[in-house]
Amino acid sequence: MFKFILSVIVLAISIIVALPYSLICLIVRIFSKKAAGWMAQKYVVVTCRVIFFISGSTLDVQGFDNIPDDEAVLFVSNHRGIFDIITLYPIMKKQVGFVSKKELRKFPIFNWMMWLCNCIFLDRKDPRNGLRMIGKASSLIGEGISILIFPEGTRSRDENLLEFKEGALKIASKSKCTIVPVAIANTGKIFEDQFPRILAQDVKIKFGEAIDTSDWSRADFKGIGKKLHDEIESML
């Protein structure tokens, strides 16, 4: 319980400090959107690292060299809990945005930092919003900003993968970007599985081989959700 309370305190302090910091980022954004995004991402990374440290967990990363150095990619990952972002975000090589549920948009200041970090809020009940998300994500990839998605749509309650939503993967077919599958294990055991306690776990992250879709036809993308689902399942 002590770890949970300490994490809440750290998060509260981070949000308070984020108010003036986000205003600085907004000013920087007038001159450079990418620079402002980097500033916001670095701030969030520090918060994530502190909370992960408090959890007492360890992190084992494999396949890091599979991430291309010279292009923005679409990271496709399974989803186990809030510690997925806390562990993934700090180890990314470049600027990375992500798709998140619209409910997080309600939190003041916190939502500003997410927006500055190129977070795209998704309303899963609104098809038009889904189309806008695909367009926005594709545009960011075109600007050199990678995107992280969790195509299960919600976190898995156990180690088994849920079905992947094909809609989110249309980002790849629209942008013809490289896809990097990501498998995360044990993050759900840190917090969600014994809420409100936080327990140390051995977190494992594996990046699969990059999939170049630049010359794929429309037919090649059919069933991509199932293919990536099976690939990530084999990596777990």
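Since the structure is predicted, the reported quantities are computational estimates derived from the model, not experimental observations.

Chemist: Mind showing me how you'd approach the overall build of the protein here?
Modeler: The helix and strand tally for the protein stands at seven helices and seven strands. Seen in sequence order, the protein has helices and strands lined up from the N terminus as α-α-β-β-α-β-α-β-α-β-α-β-β-α. Taking 236 residues into account, the globule formula puts the C-alpha radius of gyration at 18 Å, and the protein, at 17 Å, falls close to it. The burial tally for the protein puts 47% of its 236 residues in the buried class. Between the centroid of the 32 positive side chains of the protein and the centroid of its 25 negative side chains there is a distance of 8 Å.

Chemist: For this particular structure, what's the right way to read the confidence of the model for the protein?
Modeler: The pLDDT averaged across the protein works out to 90; a share of 99% of its residues lies at or above 70. Mean pLDDT per element in the protein: strand β4 (residues 120-122) is the minimum at 86, and strand β7 (residues 202-207) is the maximum at 97.

Chemist: Can you walk me through the side chain of T87 in this structure?
Modeler: Here T87 lies in helix α3 (residues 83-88). A distance of 3.0 Å separates a polar side-chain atom of T87 from the backbone oxygen of D84. If we skip the residues at most four places from it in the chain, T87 touches F52, L59, T187, V203 and I205.

Chemist: It is not clear to me how the environment of N160 should be interpreted in this structure. Could you clarify?
Modeler: For N160, the location among the structural elements is in the loop between β5 (146-149) and α6 (170-175). In this structure the C-alpha to C-alpha distance between N160 and M92, which are 68 residues apart in sequence, comes to 25 Å.

Chemist: Looking at this model, I keep getting lost on the environment of F83. Mind explaining?
Modeler: By the secondary structure assignment, F83 is in helix α3. When its relative accessible area of 2% is taken as the criterion, F83 is described as buried. Spatially, the C-alpha atoms of F83 and I184 are 9.9 Å apart, while their sequence positions differ by 101 residues. Discounting chain neighbours no more than four positions away, the residues touching F83 are I51, F52, S55, T187, I190 and F191.

Chemist: Sorry, what's going on with the sheet that holds strand β1 (residues 58-62) here?
Modeler: Sheet strands pair by backbone hydrogen bonding; their relative direction is either parallel or antiparallel. The seven strands lie next to each other as β1-β7-β6-β2-β5-β3-β4, forming an open sheet whose pairing is mixed. This sheet does not close on itself; its edge strands, each paired only once, are β1 and β4. Mean inter-strand twist for the sheet, computed between neighbouring axes without regard to direction, equals 20 degrees. As paired elements, strand β2 (residues 73-77) and β5 share three bridges and run parallel to each other. Counterpart to F75 in the pairing with β5 is L148.

What counts and how
- Residues numbered from 1 in each chain as written.
- Predicted model: local features only at pLDDT ≥ 70, side-chain atom pairs only at ≥ 80, totals over all residues.
- Heavy atoms only, no water.
- Helix = DSSP H or I, 4+ residues; strand = E, 2+ residues; numbered from the N terminus.
- Rg over C-alpha atoms; globule rule 2.2 N^0.38 Å.
- Buried < 20%, exposed > 50% of the residue type's maximum accessible area, 1.4 Å probe, protein only.
- Lys, Arg positive; Asp, Glu negative; His and termini not counted.
- Charge placed at Lys NZ, Arg CZ, Asp CG, Glu CD.
- pLDDT = per-residue confidence, 0-100.
- Polar contact = N/O pair within 3.5 Å; in protein donor to acceptor, adjacent residues only side chain to side chain.
- Contact = heavy atoms within 4.5 Å.
- Pairing = 2+ DSSP bridges.
- Axes fitted to C-alpha atoms, helices over the stretch in contact; angles between N-to-C directions.

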